[in-house]
Amino acid sequence: MPIALPHHDGSGLYAPHAVSLGETVRLRLRVPQGWGPASKVWVRSVQDGEPRYDAAIRLGSADGWDWWEAAMLVANPVAKYRFLLEVTETHDDDAAATVASRSTIGRRYWNLNAQGLFRRDVSDSADFRLTTFAAAPEWLRKGTMYQVFPDRFARSAQADNHPTPHWAIACSWDAQVVGTGEQAATQFYGGDLPGITGKLDHLQDLGVDILYLTPFFPARSNHRYDASTFDSVDPLLGGDQALVDLVEAAHARGIKVMGDLTANHSGDAHEWFVKALADPGSEEAGYYYFSPDHSSYESWWGVPSLPKFNWSSDALRRRFVTDDDSVVARWLKPPFNLDGWRIDVGNMTGRLGAVDLNHDVARLIADRVREINPNAALLAESTSDASPDFTGEHWQGAMTYSHLTRPLWSWLAKDAPNVNFFGSPQSGPNKIDAEDFLATHLDLAAGFSWGVLQNNMNALNTHDTARAATVMVDGGPAVGAALTFCLPGVPVMFAGDEFGFVGFNGEDSRTPMPWADGSRVRTDMRSLYANLARLRRELPSLTEGGVRWLHAEGDALVFIRESLESSALVFVARDTAEVVLDNAVLSSQQLEALLAPPLHHSGTASSAPAGPSGVDDVCLRAEGVSAGIWALPGTVLATG
């Protein structure tokens, strides 16, 4: 049986969304009446590096919860805080004695931070955070994102006029993808931007409102992360006008378009690097890291075709970011009008050995992006523990796998040997139970402010990973999709997820779409994704509400997204499971609403009264791998 615990998550129920430096804000905490009760509560903040404790007042009670509120000064741009709770334990031999006459036998103190509740002191690194930085655009956190790898999405009629480039191996649309070796980067299928434009109806039918394109610059690979120039769209993709046409057509359908930019490196065929290599005295030579005799250079992960930028160069900063026609600026302005950037390997940009200019570069790019378009989005890749680089000051959200994708793979894993597990030496996921999924998720999400967490990309898989369908048990991708749409963050579909595509690594996952060959559709999940996207639009709690975990054990997870107006309960299982909820964790109105059929389900997820107590107890049942989503009444807030 789930147990109610003190709760705060930084969402609008508990904290303000926008704060200013020097402002005094009010923070709320809810404590279940049957848990303690708490006799005193403080908010512990860190101001100019020094801890400070401010006493909270008890506002009152509602639906079995005591609500507390404390005032806190926002002394720094990132204001860290946690709650300290005092619980007075009492004893009395006479059960009829009044509370006042019971004897106190001791006091216990609990710390509540973004990782959970602890009866010990904890590190500041997992404290809740309020930040004074400009908020990301609303469309980002409310959107549903779709990632396209242009070479493999769709060919237009114009693509037939493009000769196979010298670096490439021409492939028919139904040719087998090679996942390893040199061919992985040189297979050329000829997808182009007009092909994407012609399939925007497909995206619209799925409920997509953000299109994320991997790089569209000329290069010598099918992935195009080795740009040979940043000044034009690859003619193989249709050239500059094709991008203009795509963005205009997408905008007409209410779809934002984001580009992909390598701020860490260029390709070795890039015009800047060609000049730098030929002339050690050139301005461009300062854009890169050369040895003293100019005979060698630094590159991304030691790959010679990806020479690394030296962000100590003022000239590079001007040409890449601050000039009127810089790389960052050019594509956000007319006639292209991109709606934002995803920055490739943002975690490595500006870093080399003892040199760490990462936050300087991020700040430079962010200031320029917001100067051009305050409503543009700026995301960055950071594949490991991303939170130290994502305060919200510059990158608005992370393309990361650590706090959701990796533990989700491990919880839903089947026997999948020889699957690339995010570049680690593991030959596939390490199978874990729901308890470890939640612990990992909270551990690696705790360092994000609520605002950044809402903007992080929630991906089942991407162009850089194996496919979820290869890793997960049958039905697992549908369960995983429900979590990516219902947890805080931006749900991401990688083209082909809606058709159940498989792949043992990133390259193997970049399969051409099955527009003309239905036999390549492994599992048709189009209606499932469309329904999830619809629910995100129709249930404000899925984009605005806080998140409270009700159950995480073995094969089942249950959580609720809560706001004052409405709530949504999510129940997912990887096998047959039952979870009983009672009025200690949900209100009687919420329990009663659970008796209605779910608004979304995959597999068999249902609920029913648990016994003669009626709606005092509701049993959630899963017959095998299942997901269910219910709309519930909102949370009642005691206001004092």
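To continue, consider the sheet that holds strand S27 (residues 605-609). Across the sheet, three strands lie side by side as S25-S28-S27; this open sheet has antiparallel pairing. The open sheet has two edge strands, strand S25 (577-582) and S27, and neither has a second partner. Strand-to-strand, the axes of this sheet are offset by a mean angle of 20°, without reference to chain direction.

For the rest of this paragraph, the subject is the pattern of salt bridges. A pair can form between side chains of opposite charge whenever their charged atoms are brought close. Applying the stated rule across the entire model yields 41 salt bridges. Glu578 is paired through a salt bridge with Arg621; the nearest N and O atoms lie 3.1 Å apart. On the criterion of sequence distance, the pair formed by Glu578 in strand S25 and Arg621 in strand S28 (residues 617-622) is long-range, its members being 43 residues apart. For Glu578, a relative accessible area of 55% puts it in the exposed group. Overall, the relative accessible area of 28% leaves Arg621 in the partly exposed class.

Tyr146, Leu211, Phe216, Leu243, Phe320, Trp341 and Trp411 are the most contacted members of the largest nonpolar core, which has 116 residues in total. Look past the residues within four positions of Leu243 in its chain and what remains in contact with it is Leu193, Leu213, Phe216, Val233, Trp331, Phe336 and Leu338. Counting 29 residues, the second largest nonpolar core, distinct from the first, contains Leu59, Ala573, Val585 and Leu637.

Moving on: the side chain of Arg141. Secondary-structure assignment places Arg141 in helix H1 (residues 138-142). When its relative accessible area of 17% is taken as the criterion, Arg141 is described as buried. Within the local environment of Arg141, its side chain forms a polar contact with the side chain of Glu544, the two groups lying 2.9 Å apart. The residues touching Arg141, leaving out its near neighbours within four places in the chain, are Gln454, Asn455, Gly489, Val490, Arg536, Thr543 and Glu544.

Take the side chain of Asp9 next. Note that Asp9 resides in the segment before strand S1 (24-32). One buried charged side chain, Asp9, makes no salt bridge at all; its nearest oppositely charged neighbour is Arg561, positioned 7.0 Å away. At 2.8 Å, the side chain of Asp9 forms a polar contact with the backbone nitrogen of Val547.

Where empty space is left in the structure can be found by rolling a water-sized probe over the atoms. Volume-wise, the largest pocket comes out at about 1,100 Å³. Of all the elements, helix H2 (residues 183-186) adds the most residues to the lining of the largest pocket, at three residues. Within this model, the second largest pocket holds a volume of roughly 890 Å³. Lining the second largest pocket are 39 residues, and of these His7, Gln115, Gly116, Leu442 and Trp549 lie nearest its centre. When residues of the lining of the second largest pocket are traced back to their parent elements, those giving at least two are strand S7 (103-113), strand S8 (116-118), strand S9 (128-131), helix H11 (434-445), helix H12 (450-455) and strand S22 (546-553). The greatest single-element share of the lining of the second largest pocket, amounting to seven residues, is contributed by S22. Tallied by class, the residues present in the lining of the second largest pocket amount to 26 nonpolar, nine polar and four charged.

Analysis parameters
Residues numbered from 1 in each chain as written. Predicted model: local features only at pLDDT ≥ 70, side-chain atom pairs only at ≥ 80, totals over all residues. Heavy atoms only, no water. Pairing = 2+ DSSP bridges. Helix = DSSP H or I, 4+ residues; strand = E, 2+ residues; numbered from the N terminus. Axes fitted to C-alpha atoms, helices over the stretch in contact; angles between N-to-C directions. Salt bridge = Lys/Arg side-chain N within 4 Å of Asp/Glu carboxyl O. Buried < 20%, exposed > 50% of the residue type's maximum accessible area, 1.4 Å probe, protein only. Core = buried A, V, L, I, M, F, W, Y, C linked by side-chain atoms within 4.5 Å. Contact = heavy atoms within 4.5 Å. Polar contact = N/O pair within 3.5 Å; in protein donor to acceptor, adjacent residues only side chain to side chain. Lys, Arg positive; Asp, Glu negative; His and termini not counted. 1 Å grid on protein atoms, 1.4 Å probe; cavity = no way out; pocket = protein on both sides within 12 Å on 5 of 7 lines; lining within 4 Å. Points joined across faces, edges and corners; volume = space filled by probe spheres on them. Nonpolar A, V, L, I, M, F, W, Y, C, P; charged D, E, K, R; others polar.

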